[in-house]
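Residue-level listing of the chains:
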Amino acid sequence: MSTCIPGTCNTKNPTVIRWVEAQAKLCQPDHIYWCDGSVAEKDALTAEAVTKGILVKLDQKKLPGCYYHRSNPNDVARVEQCTYICTPIQEEAGPTNNWMAPKEMYAKMRGLCEGSMKGRTMYVVPYLMGPLGSPLTKVGVELTDSIYVVLSMRVMARMGQQAYTQLGDSEDFNRGLHCMLDVNPDRRFIAHFPQDNAVISVGSNYGGNVLLGKKCLALRIGSYLGRNEGWMAEHMLILGVESPDGEKTYVAAAFPSACGKTNFAMLVPPAHFKGWKIWTVGDDIAWMKPGPDGRLYAINPEAGYFGVVPGTNSKSNPIAVKTIQRDTIYTNVGLTPDGDVWWEGKDGPVPKECLDWRGNKWTPDSKEKAAHANSRFAAPMANNPSLDPKADAPEGVPISAIIFGGRRADTMPLIYQSFNWIHGVYIGATMGSEMTAAAVGGLGQVRRDPMAMLPFCGYNMGDYFRHWITMRKLIKYPPRIFNVNWFRKDKDGNFLWPGYGENMRVLKWIVDRCNGHSNAVETQLGWVPYAKDFDLKGLANYTPEKFNQVQSINNDEWRRELLLQDELFMKIYTHLPKELIFQRELLVSRL
Ligand code: GTP
Ligand code: SPV
Ligand code: MN
């Protein structure tokens, strides 16, 4: 079979054609379809997916352009135990990553992929991570036998012909191969080859495992490329804060999976904050590089949001609610008899009955949830009414603050600021968070998740910390670094902070600090707000005592915390920058 039939093949790039040819020879699809990203193509593929039962058409009056998908119940989240970084030397991948030698992994993948697309179509999906024409943008080509992946990639990335425009006749593109196989967890691998800029994913059809531009290219391979090329690939949202007098301040924030990035990126300030407005640049990934003016500039490499559905409503995230009204793919939520979607925490009445995410009949009396805890929407960022005008800017936006935050029921105050960059790197490096449904296993356990990158760092975590320290020398005006915790609880298990839109209060203090508009108190952990500077107006029943409680620092808890942090430092000791050990010592002495 010739792969590049005139009129179907839409690139002249000889390296792309040769590579697709080689993969087709291996996977032996019946057909090869070269995607161009057009609307006609989307319509045709969507119709085919509906015919085949891969997608269900939702009520098009209520939800125009929206479709519903159910995954295999064994395939609902990322699988860290099946995710590998395949570098020639194991030490390059480091102790926090699964490793296999490239030769061995390639052989294993060849065995699994061989003939796996017989009777199927191989889709060639060209895409950009980043705006067309940005010096930070990377090109990828993903080969997949899943229509769901093609349609999701079209939402999540700048998919189609423009990728070949950016690529020209260059050989520099990410080679991604995705074979669904029989979606069997025993034959599930997400294998990264950083030195080859290549990814092979088999046996899954879940977003984070198979939308290869996202976690695989933009974070794991991206972090590796960034280290070599002098930039940073981070698991961070990017937002712009506009003050009543029009001052615009951009911040980036790293929270672990399902810990509030999408919510924070789309924040709507409480009524009391008249004239303040939050603009979304990105909700999951930031690529950051020093700009010509000495500041750190960030782009969002993605073009859509793959967001957690449960709990999304007009109180928690009104912007997301608006964003997912059209052209959205819903995965693993409930499906009502009238072609609507439902999930726990949705606005409006609970349906009398629906089909749950497994396709079983569900009623309000059911013990199981209608929507899976990690059910997701894939929605184009163009739908976001608060999309920042610079979300598409090739040069990105200048970052004034970097915020770290985990999900911690105790120990961590609501907000504090690092003393300086290196102290901030230490705060990020020692982050802990309770595990969520975004990854299989360990739900609720606190684990170290440095910079929210534990599952996404494509090389040795110690070297990654070193890269953070080195970046300081390349940035003349470094962002200030902060730590937040929306999830601290009292003895009865109630959140000590209302969160969501009220996080504006914390954000305002952060922005004020960056712009020299507010003072701070020095504590053993870092700088914290003066109670008088922290705006609690309009927060019904929220007393200054409660604020003191959410901000309290308990030295005994912190001594325990240090021992937990040591576990990670010991694990990566051979590559741990000395500077971080010194920071630890300074903290011990302050405690
Ligand atoms: P990924 O897409 O997995 O990387 O995650 P994310 O960080 O974008 O997560 P998202 O914003 O979707 O977080 C969803 C979870 O965090 C839900 O369980 C929310 O209820 C919870 N959440 C978000 N913001 C807050 C907050 O301010 N307070 C509290 N208590 N919970 C929050
Ligand atoms: C995450 O788990 O951090 C996500 C969702 O952003 S996924 O893209 O599926 O990994
Ligand atoms: Mn994420």
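A. A look at the overall build of the chain. What the chain contains, in helices and strands, is 16 helices and 31 strands. Taking 2.2 N^0.38 as the reference for a compact globule, 591 residues should give roughly 25 Å; the C-alpha atoms of the chain span a radius of gyration of 23 Å, in line with that estimate. A principal-axis box enclosing the C-alpha atoms of the chain has dimensions of 70 × 55 × 45 Å. Counting only residues that meet the buried cut, the chain has 62% of its 591 residues in that class. Relative to all contacts within the chain whose residues are 6 or more apart in sequence, the contacts with residues 24 or more apart total 73%. When the accessible area of the chain is evaluated, it comes to approximately 22800 Å², of which 52% is carbon and sulfur surface. Of the side chains in the chain, 66 bear a positive and 61 a negative charge, and the two mean positions are spaced by 1 Å.

B. The pattern of salt bridges, seen in detail. Counted under the stated rule, the structure contains 29 salt bridges. In this structure, the salt-bridge partner of Asp284 is Lys214, at a minimum N-O distance of 2.9 Å. A residue pair is termed long-range when its members are at least 10 positions apart, and Asp284 in the loop between strand E15 (277-282) and strand E16 (286-290) and Lys214 in helix H8 (residues 213-229) qualify at 70 residues. The residues Asp284 and Lys214 share a single accessibility class, namely buried. One salt bridge connects Lys214 with Glu302, and the closest N-O pair in it is separated by 2.9 Å. Here Glu302 lies in the loop between strand E17 (296-299) and strand E18 (304-308) and Lys214 lies in helix H8, a separation of 88 residues in the sequence.

C. Spatial organisation of the coordination of the manganese ion (ligand 3). Surrounding the manganese ion (ligand 3) are the protein donor atoms Lys215 (NZ), His235 (NE2) and Asp284 (OD), which sit 2.2 Å from the metal. Each of the 6 donor atoms around the manganese ion (ligand 3) contributes to a set of angles spanning 76 to 172°, which defines the coordination as octahedral. Site description for the manganese ion (ligand 3): donor spacing in sequence, K-x19-H-x48-D. Note that His235 is positioned in the loop between strand E12 (232-234) and strand E13 (237-242) and Asp284 in the loop between E15 and E16, a separation of 49 residues in sequence. Residue His235 shares its accessibility class with Asp284, and that shared class is buried.

D. Geometry of the site of ligand 2. Lining the immediate environment of ligand 2, one finds Arg78, Tyr206, Gly208, Lys214, Lys215, His235, Ser257, Asp284, Phe306, Arg376, Ala438 and Phe456. Note that an oxygen atom of ligand 2 is positioned 2.9 Å from one of the side-chain N or O atoms of Arg78. Separating an oxygen atom of ligand 2 from a side-chain N or O atom of Lys215 is a distance of 3.0 Å. When the free accessible area of ligand 2 is taken as 280 Å², the share hidden by the protein chains comes to 98%. Class assignment of the residues belonging to the shell around ligand 2 gives a composition of 4 nonpolar, 3 polar and 5 charged. Counting residues domain by domain, the shell around ligand 2 receives three or more from each of domain 1 (14-34 + 79-229) and domain 2 (234-300 + 391-590).

E. Looking closely at the domain arrangement of the chain. In terms of domain boundaries, the chain breaks down into domain 1 (14-34 + 79-229), domain 2 (234-300 + 391-590) and domain 3 (308-383). The distance between the C-alpha centroids of domain 1 and domain 2 comes to 31 Å. Each partner contributes to the interface: domain 1 provides 34 residues, whereas domain 2 provides 31 residues. Summed over both sides, the interface of domain 1 with domain 2 buries roughly 2700 Å², with 58% coming from carbon and sulfur. Its largest share of buried area at the contact with domain 2, domain 1 owes to Glu80, Thr96 and Leu136, together 23% of the area lost on that side. On inspection of domain 1 and its partner domain 2, the count reaches 4 salt bridges. Put simply, Asp392 and Arg158 hold a salt bridge, and the shortest N to O gap is 2.9 Å. Joining domain 1 to domain 2, the criterion identifies 15 residue pairs in polar contact (both at pLDDT 80 or more). Elements represented by at least two residues in the side of domain 1 that touches domain 2 include exactly helix H3 (90-93) and H8. If one sorts the elements of the side of domain 1 that touches domain 2 by residue count, H8 sits on top with 10 residues. For the side of domain 1 that touches domain 2, the residue count by class is 15 nonpolar, 10 polar and 9 charged.

F. Expanded view of unusual backbone geometry. Despite not being glycine, Gln28 has its phi angle at roughly 55°, a positive value. By the secondary structure assignment, Gln28 is in the loop between helix H1 (14-27) and strand E1 (31-34). Phi at Met451 is positive, roughly 50°, even though this residue is not glycine. Among the structural elements, Met451 can be located in the loop between strand E28 (446-448) and helix H12 (461-474).

G. Layout of the sheet that holds strand E3 (residues 67-69). Strand order across the open sheet formed by 5 strands is E2-E3-E19-E24-E18, with mixed pairing between neighbours. Strand pairing shows two members of the sheet lacking a second neighbour, strand E2 (56-57) and E18, which therefore form its edges. The strands that helix H5 (residues 147-156) touches are E3, E18, strand E19 (329-331) and strand E24 (376-380); relative to E18, the one it contacts most, it runs at about 110°.

H. How the structure looks around the pairing of strand E6 (residues 121-129). In terms of residue burial, E6 counts as a mostly covered element, since 9 of its 9 residues are buried. Side-chain alternation along E6 places Thr121, Tyr123, Val125, Tyr127 and Met129 on one buried face and Met122, Val124, Pro126 and Leu128 on a second face that is also buried. In this sheet, E6 lies alongside E1 in parallel orientation, the contact comprising 4 bridges. Note that in E6 the partner of Tyr33 across the bridge is Tyr123. Here E6 runs beside strand E7 (residues 138-144); their pairing, made up of 7 bridges, is antiparallel. Its bridge partner being in E7, Leu128 is matched across the sheet by Val139. Strand direction decides the pairing type here: E6 and strand E8 (residues 158-159), joined by 2 bridges, are antiparallel. For Tyr127, the partnering residue across the bridge sits in E8 and is Met159.

Reading the values: rules and limits
- Residues numbered from 1 in each chain as written.
- Chains lettered and ligands numbered in written order.
- Predicted model: local features only at pLDDT ≥ 70, side-chain atom pairs only at ≥ 80, totals over all residues.
- Heavy atoms only, no water.
- Helix = DSSP H or I, 4+ residues; strand = E, 2+ residues; numbered from the N terminus.
- Rg over C-alpha atoms; globule rule 2.2 N^0.38 Å.
- Buried < 20%, exposed > 50% of the residue type's maximum accessible area, 1.4 Å probe, protein only.
- Contact = heavy atoms within 4.5 Å.
- Areas by Shrake-Rupley, 256 points an atom, 1.4 Å probe, with all protein chains shown as cover.
- Lys, Arg positive; Asp, Glu negative; His and termini not counted.
- Charge placed at Lys NZ, Arg CZ, Asp CG, Glu CD.
- Salt bridge = Lys/Arg side-chain N within 4 Å of Asp/Glu carboxyl O.
- Donors = N, O, S within 2.8 Å, 3.2 Å for Na, K, Ca; no water.
- Tetrahedral: all angles 85-135°; square planar, octahedral: opposite > 155°, others 65-115°.
- Near = heavy atom within 4 Å.
- Polar contact = N/O pair within 3.5 Å; in protein donor to acceptor, adjacent residues only side chain to side chain.
- Nonpolar A, V, L, I, M, F, W, Y, C, P; charged D, E, K, R; others polar.
- Domains from an automatic or database assignment.
- Buried area = accessible area lost by both parts, 1.4 Å probe.
- Pairing = 2+ DSSP bridges.
- Axes fitted to C-alpha atoms, helices over the stretch in contact; angles between N-to-C directions.

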